[in-house]
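Coordinates in review
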Amino acid sequence: MISLWQIPENREFVFKNLKSNTTKLLLKHHKDEVKKELITQIAARQRVLKKVPEWVNNQELIFSPRINLEQASSELTAKFKSRLIKGDSLIDITGGLGVDCYYLSLNFSDSCYYEKNSELAEIVQYNF
């Protein structure tokens with residue numbers, strides 16, 4: 001997905017269709033593997049619109065598979081947590097989508113993110 005996302009026309013397709021019905025888009029583009037992958041990004045952005053609104057309109061970010069979106073902290077929760085602690089080093093050993101790590105890292109000199117799902121870790125590394 002990362003290599004597909006680096007093509008401006010692909011990001012344009014996603015943002016042009018951000019409010020579209022993804023089922024209809026899938027029916028329309030069912031033979032186009034690239035478009036099908038991009039439609040998963042549209043669906044992901046639609047799902048996290050309320051959860052992480054600050055990230056949804058960032059055209060550089062890639063979103064992960066559905067389960068990771070559901071398990072991710074909300075932006076509001078992560079910002080709240082970030083007000084509670086600060087320090088020199090942060091280690092997030094259950095990285096997930098990276099929402100907590102991102103907001104917490106704003107209060108730390110050094111931050112490390114770990115995630116056992118290699119596909120998710122690759123997406124988050126790209127986003128960071």
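Quick look at the structure, then. Predicted model, so just to flag it, every value in this text is computed and none were measured. (Residues numbered from 1 in each chain as written. Predicted model: local features only at pLDDT ≥ 70, side-chain atom pairs only at ≥ 80, totals over all residues. Heavy atoms only, no water.)

Topic: the overall build of the protein chain
Rules: Strands here are runs of E lasting at least two residues and helices are runs of H or I lasting at least four, both read from the DSSP assignment and numbered beginning at the N terminus. For every residue, the accessible area obtained with a 1.4 Å probe (protein chains only) is divided by the maximum for its type, and the residue is called buried under 20%, exposed over 50%, and partly exposed between those limits. Only heavy atoms enter the contact rule, under which two residues are in contact if any of them lie within 4.5 Å.
Scanning the protein chain for helices and strands turns up nine helices and two strands. Principal-axis analysis of the C-alpha atoms gives the protein chain an extent of 50 × 25 × 25 Å. The burial tally for the protein chain puts 41% of its 128 residues in the buried class. Put simply, 47% of the contacts in the protein chain that link residues at least 6 apart link residues at least 24 apart.

As for the packing of aromatic side chains
Basically, it comes down to this: Within 6.5 Å between ring centres, the rings of Phe, Tyr and Trp (the latter by its six-membered ring) count as paired, and their orientation is classed by plane angle as stacked under 30 degrees, edge-to-face over 60, tilted in between.
Enumeration according to the criterion identifies five aromatic pairs in this entry. When the ring of tyrosine 102 is compared with that of tyrosine 103, the centres are 4.8 Å apart and the planes differ by 80°; the resulting orientation is edge-to-face. Residue classification places tyrosine 102 among the partly exposed positions, given a relative accessible area of 30%. Take tyrosine 103: its relative accessible area is 3%, and that puts it in the buried class.

Points about the pattern of salt bridges
As a reminder of what qualifies: For this analysis, a salt bridge means a side-chain nitrogen from Lys or Arg found within 4 Å of a carboxyl oxygen belonging to Asp or Glu.
Scanning all chains against the criterion turns up four salt bridges. Its salt-bridge partner being glutamate 54, residue lysine 79 comes within 3.2 Å of it at the nearest N-O pair. With lysine 79 in helix α7 (residues 75-84) and glutamate 54 in helix α5 (residues 53-56), this residue pair connects regions lying 25 residues apart in the sequence. Across the salt bridge formed by aspartate 100 and lysine 81, the nearest N and O atoms sit 3.0 Å from each other. Of this pair, aspartate 100 sits in helix α8 (residues 99-105) while lysine 81 sits in helix α7, placing them 19 residues apart in sequence. The exposure class of lysine 81 is partly exposed, given its relative accessible area of 30%. Several salt bridges converge on common partners, so that one network encompasses Glu54, Glu75 and Lys79.

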